[in-house]
Amino acid sequence: MEKYARFRYQPCIPLGEDGRCVTASVKHTQLSRKAATEGIVLLKNIGNALPLRRGESVALFGKATIEYIKGGGGSGDVHTPYIRNIYDGLKLKENDGKVKVYLPLVEFYKDYVERESVNVLTQEQINARWDIVNNMEFCTERDDMTYDTFAAMHVKEAEVPYELIVSASKEADTAVITLSRFSAEGVDRRPQGGDYYLSELEKNLIDRACELFKKVVIVINSGATIDCEYFAENDKVQAVVFGWQGGMEGGTAIADILCGDVNPSGKMADTIAKSYDCYPCKDDFWECFDHVDYSDDIFVGYRYFETMAKDSVRYPFGFGLSYTDFAISGKVCCESEGKIVAVATVKNVGNVAGKEVVQLYYSAPQGKLGKPARELAAYKKTALLAPGESETVALTFDVNDMASFDDLGKVQKSAYVLEKGSYEFYLGTDVRSAEKLTFEYGVKEDTVALQLNSWCKPFKLQKRLLADGSYEALPTGEESYYYGANEPTGAVKPEKEVKFDEVYESISMDEFVAQFTMDELMDFVGGHGPTGVANTGCFGGLERLGVPPVPTADGPAGLRLEPCTGIPTTAWPCATLLACTWNPELIYEVGAAGGAEVRENNLGIWLTPALNIHRDPLCGRNFEYYSEDPLVAGKCAATATRGIQSQKVAVSMKHFACNNKEANRFASDSRLSERALREIYLKGFEICVKEGDPWTVMSSYNLINGQHTSESYELLTCILRDEWGFKGMVTTDWGVKNDPVKEVKAGNDMKMHCGYPEDLKAGLEKGDITRADLELCVKRILDMFTKLV
């Protein structure tokens, strides 16, 4: 077979055993279910209300009984062969004699969903609305219309007749109430009933269930956190399960947890506060559509709450209960050859098998820069431990990982510094309960760990939060940005035309690219139309020199193909759930399986992983992102990247960077300090680049400190390539309208979904770009292609 045959001819070559396809195979759907169970978090369990007793009768409330939300909307949506809802899952358990389901209530929800589905927008109606929305300037009316359109893609929650609730309580011991939430790209969630907060209808249902049932269990079916205050301290609600959005097998996974077939081992990758008003970013987030000030600086999530608002936390970062108990003993910590090493033994002292997550935090001296009270340094999930079984875990991280970035020169400007003093360590199973270890690491003098340069600095951010709760004024000024220059390679094209298959065999990449005409170079750095089953277009394609167009595909919750292809795919759990597994090996397995589906369908680039920070719980795209913590986000993304690319499929790590709000995302300016940028919002991407080696990166829609990310030489070249050592190619996000000349100069190699060669030609004639600039972009794209075979 030819080297690039799968892109040239689109042959269908199943990758499974016995010549079967892996796409949406039983093996993959079982893995999706397994992953979903491991990321579900048990938040509350009074009197061992869960797991359900064998034969326990249950009444199922909430539309997710029938209309389970498998994931978020937009590019992260997936066309699947089926979706297991809550009833589907518990019906399987009923068949095994484990529970009894009160059927009249199920029939009520079946009838309701069928009846109300006529009000759900059809694809034709959705497209018509998008035609209107996309032709509007961004404003409140457009934002409202987008929000309402996505809300109309699912039925509203049902009001259950009181008589039916009474009847159910006479037949069933336990009420299981599922609270469902749906969000999507392009619009943010809102701090109102039925979204972040409970609706009055949901509150009334909980009140009536608490009044009539012996036991009430809440299940949350949401891709991001919601307010839990209405039931957190209500002792009549004995159990709370955060089930997230578990993909196509989500309802079955929840049933596995409720019935105890799987012991919950998920841990929160976000903090749940007592109110949205407790988040320090809330005012910045909603101030306007034009920009977002990151005045909370490095104090994001638990870094804020554990430092200055501990009483505002309902469920702390890293928290999660189990059906068994664990004891951690033999805690030892030391420094060895520039690394902090902590060792502990975890023992299952309960009655059922389970897994535990050991988390190691550090606390740096406040010094001149100010620090969060605790920061996650390392973590490890145990194997499944039988009752009485133990496992010794070792956690390590580099001493310099505790350094802080000094952007104002209080110690050393534009450097990561270890300030003098004692560095303390805490080990446990969540950020709040982690116990102080006896070992402390001492730094006698302020030490520069890494000297860097000042890139992507703010010009209009006026203040930032400090560790004592006060604000520090920041310097402002006129915007200015740096661009470098590229030198010609001096390569000479061969006398006889050489095809792409011969690159690195009989010809160098420089010599091959020297064969491109100027028009071909300018055309190549813009996206081309889709081939095969792709619906998001292709990178490259030059028939004269035998370069195939390489098709792309949306992610990250599964391979996204249009229903018209007739190819349903596996819908994996949302990224937030995967982060809550704290299990890199499992995430690798999911990544490899997803990558295999992409490869089997002859696609070359999967637009995943997405790892923007959960700065605000109302970012509409949080379901696609992992965590409020950059270490967790970076480790998850790096592991997923290695898994996907093991299948000779390129990832596109996204959205680089600071895409933490969806409203007006094409023009919103993220204004933040260099310290917050480096320590919080770039750190996960840096980890992914250094540990995962992603072959492509996707720049984000938004601006950072006044400049579009796709036009930022400082971001894409100075930081991404020069500092981190990234060797791959960069693409824009789809539909970006930014200046293609500045993008080429910045090192943004590919413009999607299409290019603007006429603009590049004008820039070339003006001397704004050179052939060397274009050749470098093309070479990086082609080098990525060579990794796909």
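Each residue is numbered by its place in its chain's sequence as written, counting from 1. Local features in a predicted model are, by the rule used here, given only for residues with pLDDT of at least 70; side-chain atom pairs are given and counted only at 80 or more, and totals for whole chains, interfaces and linings are based on all residues. Computation of side-chain values: all heavy atoms of the structure, hydrogens and water removed.

### Remarks on the overall build of the protein
Turning to step 1, where the next piece is worked out: When helices and strands are tallied, the protein shows 23 helices and 30 strands.
Turning to step 2, where the next piece is worked out: In terms of overall dimensions, the protein is globule-like: its C-alpha atoms have a radius of gyration of 26 Å, near the 28 Å expected for 789 residues.
Turning to step 3, where the next piece is worked out: Along the first, second and third principal axes, the C-alpha atoms of the protein reach 85 × 65 × 55 Å.
Turning to step 4, where the next piece is worked out: Sequence separation of 24 or more characterises 76% of the internal contacts of the protein that already satisfy a separation of 6 or more.
Turning to step 5, where the next piece is worked out: Accessible area for the protein stands at about 28,700 Å²; split by element, carbon and sulfur atoms hold 48% of it.
Turning to step 6, where the next piece is worked out: In summary, the charge assignment counts Lys and Arg as positive and Asp and Glu as negative, without counting His or the chain termini. All charge positions are set by atom: Lys at NZ, Arg at CZ, Asp at CG, Glu at CD. Each charge sign in the protein was given a centre, from 87 positive and 117 negative side chains, and these centres are 3 Å apart. Every helix listed is a DSSP run of H or I at least four residues long, and every strand listed is a run of E at least two residues long, numbered separately from the N terminus. For the radius of gyration, the atom set is restricted to C-alpha positions; the globular benchmark scales as 2.2 Å times the number of residues to the power 0.38. A contact between two residues is defined here by any heavy atoms of the two lying within 4.5 Å. Residue burial considers only the protein chains on display, and all accessible areas are found by Shrake-Rupley using a 1.4 Å probe.

### Some remarks on the nonpolar core
One recurring pattern in soluble globular proteins is that nonpolar side chains are buried together.
Turning to step 1, where the next piece is worked out: In this structure, Phe61, Phe213, Phe231, Leu258 and Phe656 are the most contacted members of the largest nonpolar core, which totals 152 residues.
Turning to step 2, where the next piece is worked out: Those residues in contact with Phe656 that sit more than four places away from it in its chain are Leu682, Phe685, Val697, Met698, Ser699, Ser700, Thr709, Leu715, Leu716, Leu720 and Trp724. Nine residue types can take part in a nonpolar core, namely buried Ala, Val, Leu, Ile, Met, Phe, Trp, Tyr and Cys, and a core is a set of them joined through side-chain atoms within 4.5 Å. Only protein chains enter the accessibility calculation, which uses a 1.4 Å probe. A residue is then buried if its area is under 20% of the maximum for its type, exposed if over 50%, and partly exposed in between.

### Notes on the packing of helix H2 (residues 26–39) against helix H16 (residues 584–600)
Turning to step 1, where the next piece is worked out: Running from N to C, H2 and H16 cross one another at 150°; their axes reach a closest spacing of 11 Å. With respect to H16, the element H2 is oriented roughly antiparallel. As for how H2 packs across H16, the hand of that crossing is left-handed. Side by side, H2 and H16 meet where His28, Leu31, Lys34, Ala35 and Glu38 of the first sit next to Leu586, Glu589, Val590, Ala593 and Glu597 of the second.
Turning to step 2, where the next piece is worked out: Grouping the amino acids of the contact of H2 with H16 by side-chain chemistry returns 5 nonpolar, 1 polar and 4 charged. Fitted lines through C-alpha atoms give the axes, limited to the stretch in contact for helices. The angle between two N-to-C directions lies from 0 to 180 degrees. Reported orientations rely on four angle classes, namely roughly parallel under 35 degrees, roughly antiparallel over 145, roughly perpendicular from 65 to 115, and oblique for the rest. Left-handed describes a crossing whose near helix is turned anticlockwise from the far helix through less than a right angle; right-handed describes the clockwise counterpart. Under the scheme applied here, ten amino acids are nonpolar (Ala, Val, Leu, Ile, Met, Phe, Trp, Tyr, Cys and Pro), four are charged (Asp, Glu, Lys and Arg), and all others, including Gly, are polar.

### With respect to H16
Turning to step 1, where the next piece is worked out: Given the number of residues in a helix, its expected span is that number minus one, multiplied by 1.5 Å. Over its 17 residues, H16 extends 24 Å from the first C-alpha to the last, a length consistent with the 24 Å expected when each residue adds 1.5 Å.
Turning to step 2, where the next piece is worked out: With 12 of 17 residues buried, H16 lies mostly within the body of the structure.
Turning to step 3, where the next piece is worked out: Buried positions along H16 lie against H2, helix H15 (575–579), strand E24 (605–607) and helix H17 (630–645).
Turning to step 4, where the next piece is worked out: What qualifies as a polar contact is a pair of N or O atoms within 3.5 Å, subject to a donor-acceptor requirement within protein and to the restriction that residues adjacent in sequence count only when both atoms come from side chains. Backbone nitrogen of Glu585 and a side-chain oxygen of the N-cap are separated by 3.2 Å at the start of H16; the cap is Asn583.
Turning to step 5, where the next piece is worked out: Positive phi shows up at Asn602, right after H16, with a value of about 60°.

### Describing empty space enclosed by the protein
Turning to step 1, where the next piece is worked out: For each structure, a 1 Å grid was placed over the protein atoms alone; sets of points admitting a 1.4 Å probe that cannot get out are labelled cavities, open sets with protein on both sides within 12 Å along at least five of seven lines are labelled pockets, and lining residues have an atom within 4 Å of a point. Grid points are joined across faces, edges and corners, and a volume is the space filled by probe spheres set on the points. Enumeration over the complete set of coordinates arrives at 11 cavities of 30 Å³ or more.
Turning to step 2, where the next piece is worked out: The wall of the largest cavity is formed by 14 residues, among which Pro556, Leu578, Thr608, Tyr626 and Ala640 lie closest to the centre.
Turning to step 3, where the next piece is worked out: Mapped onto the lining of the largest cavity, the elements with two or more residues apiece are H15, H16 and H17.
Turning to step 4, where the next piece is worked out: Looking at side-chain class alone, the lining of the largest cavity contains 12 nonpolar, 2 polar and no charged residues.

### Some points on unusual backbone geometry
Turning to step 1, where the next piece is worked out: The amide bond that connects Leu50 to the next residue, Pro51, takes the cis arrangement and shows omega of 5°.
Turning to step 2, where the next piece is worked out: Positionally, Pro51 belongs in the loop between strand E1 (41–45) and strand E2 (56–61).
Turning to step 3, where the next piece is worked out: Put simply, Thr608 and Pro609 share a cis peptide bond, and its omega is 0°.
Turning to step 4, where the next piece is worked out: Relative to the elements of secondary structure, Pro609 occurs in the loop between E24 and H17.

### Quick notes on the environment of Ala168
Turning to step 1, where the next piece is worked out: Take Ala168: it is sitting in helix H7 (residues 162–171).
Turning to step 2, where the next piece is worked out: Residues Ala168 and Arg142 lie 26 residues apart in sequence; the distance between their C-alpha atoms is 43 Å.
Turning to step 3, where the next piece is worked out: What Ala168 contacts, discounting residues up to four positions off in sequence, is Ala59, Phe61, Tyr102 and Phe213.

### Here's the deal with the pairing of strand E5 (residues 215–221)
Turning to step 1, where the next piece is worked out: Where burial is concerned, most of E5 is hidden: 7 out of the 7 residues are buried.
Turning to step 2, where the next piece is worked out: Both faces of E5 are covered, namely the face carrying Lys215, Val217, Val219 and Asn221 and the face carrying Val216, Ile218 and Ile220.
Turning to step 3, where the next piece is worked out: Two strands pair if DSSP finds at least two bridges between them. By the bridge criterion, 7 bridges tie strand E4 (residues 174–180) to E5 in an arrangement that is parallel. Bridge pairing links Val176 to Val217 in E5.
Turning to step 4, where the next piece is worked out: With strands facing away from the observer, any crossover in which the path from the first strand over the helix to the second runs clockwise is taken as right-handed. Remark: the E4/helix H8 (residues 200–212)/E5 crossover connection has right-handed handedness.
Turning to step 5, where the next piece is worked out: The sheet contact formed by E5 and strand E6 (residues 237–242) spans 5 bridges and is parallel. Looking at the pairing, Val219 lines up with Val241 of E6.

### Considering the pattern of salt bridges
Turning to step 1, where the next piece is worked out: A side-chain nitrogen of Lys or Arg and a carboxyl oxygen of Asp or Glu constitute a salt bridge if their distance falls within 4 Å. The final tally for this structure, using the stated rule, is 61 salt bridges.
Turning to step 2, where the next piece is worked out: A salt bridge links Glu94 to Lys91; the nearest nitrogen and oxygen atoms lie 3.7 Å apart. Pair noted here: Glu94 and Lys91 are both in helix H3 (residues 86–95), with a separation of 3 residues, about one helical turn.
Turning to step 3, where the next piece is worked out: As a salt-bridge pair, Asp749 and Arg721 come within 2.9 Å of each other at their nearest N and O atoms. Separated by 28 residues along the polypeptide, Asp749 in the loop between helix H21 (740–746) and helix H22 (757–766) and Arg721 in helix H20 (residues 713–723) bring together distant segments of the chain.
Turning to step 4, where the next piece is worked out: Owing to a relative accessible area of 1%, Asp749 belongs among the buried residues under this scheme.
Turning to step 5, where the next piece is worked out: Take Arg721: its relative accessible area is 10%, and that puts it in the buried class.
Turning to step 6, where the next piece is worked out: Members of the salt-bridge network, linked through shared partners, are Arg33, Lys93, Lys98, Asp256 and Asp261.

### As for the sheet that holds E2
Turning to step 1, where the next piece is worked out: Spatially, 6 strands are ordered E1-E6-E5-E4-E2-E3 in an open sheet, and the strand pairing comes out mixed. The strands lining the two open edges of the sheet, one partner per strand, are E1 and strand E3 (99–101). Neighbour-to-neighbour, the strand axes of the sheet open up by a mean angle of 25°, direction not taken into account.
Turning to step 2, where the next piece is worked out: Across the sheet, helix H4 (residues 103–116) is in contact with E2 and E3; its angle to E2 comes to roughly 20°.

### Some words on the sheet that holds strand E15 (residues 404–406)
Turning to step 1, where the next piece is worked out: Strand order in the open sheet formed by 3 strands is E15-E16-E19, and the pairing between neighbours is antiparallel. Two strands close off the open sheet at either side, each with one partner strand: E15 and strand E19 (447–451). Pairwise comparison of adjacent strand axes, ignoring direction, gives a mean angle of 40° for this sheet.
Turning to step 2, where the next piece is worked out: Taken together, the 4 bridges between strand E16 (residues 415–418) and E19 define a ladder with antiparallel strand orientation. Across the sheet, the residue bridging to Leu418 is Thr447, located in E19.

### Thoughts on H17
Turning to step 1, where the next piece is worked out: Helix length check: H17 (16 residues) gives 22 Å between terminal C-alpha atoms against 22 Å at 1.5 Å per residue, within 8%.
Turning to step 2, where the next piece is worked out: Of the residues that open H17, the one with a side-chain oxygen 3.0 Å from the backbone nitrogen of Leu631 is Asp629.

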